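The chain contents come next:
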Amino acid sequence: MDNLTIFTEFLLMDVTASRELQVLQGVLFLVIYLGALTGNLLTVTVIVTDTHLHSPMYFFISNLALIDLGSISVVAPKAVVNSMTGDKTISLTGCAAQVFLYVLFAAVEIALLVVMSYDRYVAICHPLHYGLIITPTLCSQATAGSWASGLVYSAVHTGALFRLPLTKTNVIQQYFCDAPQILSISSSDVQFYEFVLISVSVSIVLISFIFMLISYVNIFSTVLKIDSKKVRNKALSTCTPQLAILHLFVISVVVAALGPTAKKPSLRNLLTAMFYTMVPPLVNPLIYCLRNREISAALRRMFNRYSHPSQGFS
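The name that an unreviewed UniProt entry assigns to the protein is Olfactory receptor, with the source organism given as Fukomys damarensis. Listed in UniProt under the heading Sequence similarities (unreviewed entry), the comment for the protein reads: "Belongs to the G-protein coupled receptor 1 family."

Student: Break down the packing of helix H1 (residues 19–49) against helix H2 (residues 56–85) for me, citing the residues and quoting the values.
Tutor: Across the interface, H1 lies against H2 with an axial gap of 8 Å and an inter-helix angle of 160°. Accordingly, the angle class assigned to the pair H1 and H2 is roughly antiparallel. Note that H1 runs across H2; the crossing there is left-handed. The residue inventory of the contact of H1 with H2, partitioned by class, reads 22 nonpolar, nine polar and two charged.

Student: Go over the UniProt feature "transmembrane region" (unreviewed entry) in the protein with me, naming the residues and quoting the values.
Tutor: The sites that UniProt annotates as "transmembrane region" (unreviewed entry) are residues 23–48, 57–76, 96–118, 192–214, 235–258 and 270–290. When the span residues 57–76 is considered, its composition is 100% helix and 0% strand, and the gap between its end C-alpha atoms is 28 Å. The straight-line gap between the two end C-alpha atoms of residues 96–118 is 34 Å; of that span, 100% is helix and 0% is strand.

Student: For the side chain of Thr158, give the residues involved together with the corresponding values.
Tutor: One can find Thr158 in helix H5 (residues 136–161). Once you skip the residues sitting within four places of it in the chain, Thr158 turns out to touch Ala96, Val99 and Phe100.

Student: I'd like a rundown of the packing of aromatic side chains, residues and numbers included.
Tutor: Scanning all chains against the criterion turns up six aromatic pairs. By the ring-pair criterion, three or more aromatic residues cluster together here, those being Phe29, Tyr102, Tyr175 and Phe176.

Student: Break down the pattern of salt bridges for me, citing the residues and quoting the values.
Tutor: Evaluation of the coordinates by the stated rule reveals two salt bridges. As a salt-bridge pair, Arg301 and Asp50 come within 3.0 Å of each other at their nearest N and O atoms. Placement of the pair is Arg301 in helix H11 (residues 293–307) and Asp50 in the loop between H1 and H2, with a sequence separation of 251 residues. Among the ionic pairs, Asp119 bridges to Arg120, the shortest N-O distance being 3.1 Å.

Student: Which residues make up the layout of surface pockets, and what are the values?
Tutor: There is about 340 Å³ of room inside the second largest pocket. Around the second largest pocket sit 15 residues that line it, and Arg120, Lys234, Ala235, Ser237 and Thr238 are the ones nearest its centre. For the lining of the second largest pocket, the leading source of residues is helix H8 (residues 229–258), giving five residues. Across the lining of the second largest pocket, the residue classes break down as seven nonpolar, four polar and four charged.

Student: Hey, could you go over the side chain of Asn284 for me, with residue numbers and the actual values?
Tutor: Residue position: Asn284 is located in helix H10 (residues 279–291). A relative accessible area of 2% places Asn284 in the buried class.

Student: Describe empty space enclosed by the protein, naming the residues involved and giving the relevant values.
Tutor: Inspection of every chain in the model, using the stated rule, returns three cavities of 30 Å³ or more. In this structure, the second largest cavity encloses a volume near 60 Å³. Around the second largest cavity, the lining residues are Leu12, Met13, Asp14, Gln25, Ala79, Asn82, Ser83, Lys88 and Tyr175. Residue contributions to the lining of the second largest cavity peak at three residues, all from H2. Class assignment of the residues belonging to the lining of the second largest cavity gives a composition of four nonpolar, three polar and two charged.

Student: Mind laying out the environment of Gln173, listing which residues take part and the relevant values?
Tutor: Mapped onto the elements of the fold, Gln173 is located in the loop between strand E3 (171–172) and helix H6 (179–184). Looking at Gln173, the relative accessible area reads 15%, which means it is buried.

Student: Talk me through the sheet that holds E3; I want residue IDs and the actual numbers.
Tutor: Read from one edge of the open sheet, three strands run E2-E1-E3, paired in mixed fashion. The outermost strands of the open sheet, each flanked by one partner alone, are strand E2 (89–91) and E3. Two elements, strand E1 (residues 9–12) and E2, share three bridges in a ladder whose sense is antiparallel. The partner of Phe10 across the bridge, within E2, is Ile90. Across the face of the sheet, helix H3 (residues 92–125) comes into contact with E1, E2 and E3 while running at roughly 80° to E2.

Rules and cut-offs
Residues numbered from 1 in each chain as written. Predicted model: local features only at pLDDT ≥ 70, side-chain atom pairs only at ≥ 80, totals over all residues. Heavy atoms only, no water. UniProt positions renumbered as here; feature names shortened; annotations may be inferred. Axes fitted to C-alpha atoms, helices over the stretch in contact; angles between N-to-C directions. Helix = DSSP H or I, 4+ residues; strand = E, 2+ residues; numbered from the N terminus. Parallel < 35°, antiparallel > 145°, perpendicular 65-115°, else oblique. Left-handed = near helix turned anticlockwise from the far one by under 90°. Nonpolar A, V, L, I, M, F, W, Y, C, P; charged D, E, K, R; others polar. Contact = heavy atoms within 4.5 Å. Phe/Tyr/Trp six-rings, centres within 6.5 Å; stacked < 30°, edge-to-face > 60°. Salt bridge = Lys/Arg side-chain N within 4 Å of Asp/Glu carboxyl O. 1 Å grid on protein atoms, 1.4 Å probe; cavity = no way out; pocket = protein on both sides within 12 Å on 5 of 7 lines; lining within 4 Å. Points joined across faces, edges and corners; volume = space filled by probe spheres on them. Buried < 20%, exposed > 50% of the residue type's maximum accessible area, 1.4 Å probe, protein only. Pairing = 2+ DSSP bridges.

Dropping the structure here:
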């Protein structure tokens, strides 16, 4: 016990030792981050400022955009600074904060995707009762419940992961504090506790996905029975973006969960981590802008308003 070393600082490893390639990696991270920042802020802005989008569905979409903005902001800025400066260190507190915030945003996103699938189910399968069921109060409660459940889960998960000192090594084979990497250098007691917690989490996530699957099966079976092509296409245009984002999120979760924990830095390891940390926040706004007619129309109105300001006073 006298020779036991307790680490309070960690080293985040790069794929390459070349400074030129590290700077190039930092530039890539910066471009992706600025793209995600712009896309998600634009989505929130257009939903808040356009009265045509003041409905429950777009309220949830704006929350999802804020979650994407938060999740990439947890990882990208630190990765950019580290790559640009060559400083690979992160404090124990900073590492715990990264894990806590990233898990928080991921948990809230799962909960919100469940809520959004129910919203679309009621809107398409029970349109006459939509206003009575999906009320502003219910929307606020569902969103608050999503954030509360995410906070509780993230606090328990992070507390379990860091409840004992990390003594094996202070090298993390990733460009951010990835939970599986922290788990791999934790004590056996922490690993057992985390295994139990993750098993419970997987069960909850599977139940959530089954609920969403049933919702979307009912939605598409109802849509296919609609005779009017125009009405059918409009209904599909509100569902397909959410389904695409759900699909991307599921793939990201599978890649993150089933991918092997890296023993050394590699390009494959970097690309895998980038896929589940940076690609969804970057792609989600594009999916909504390209696939959702109402948001596309609102964006055109906003751009026209700013490009022809005199029209607003005519």
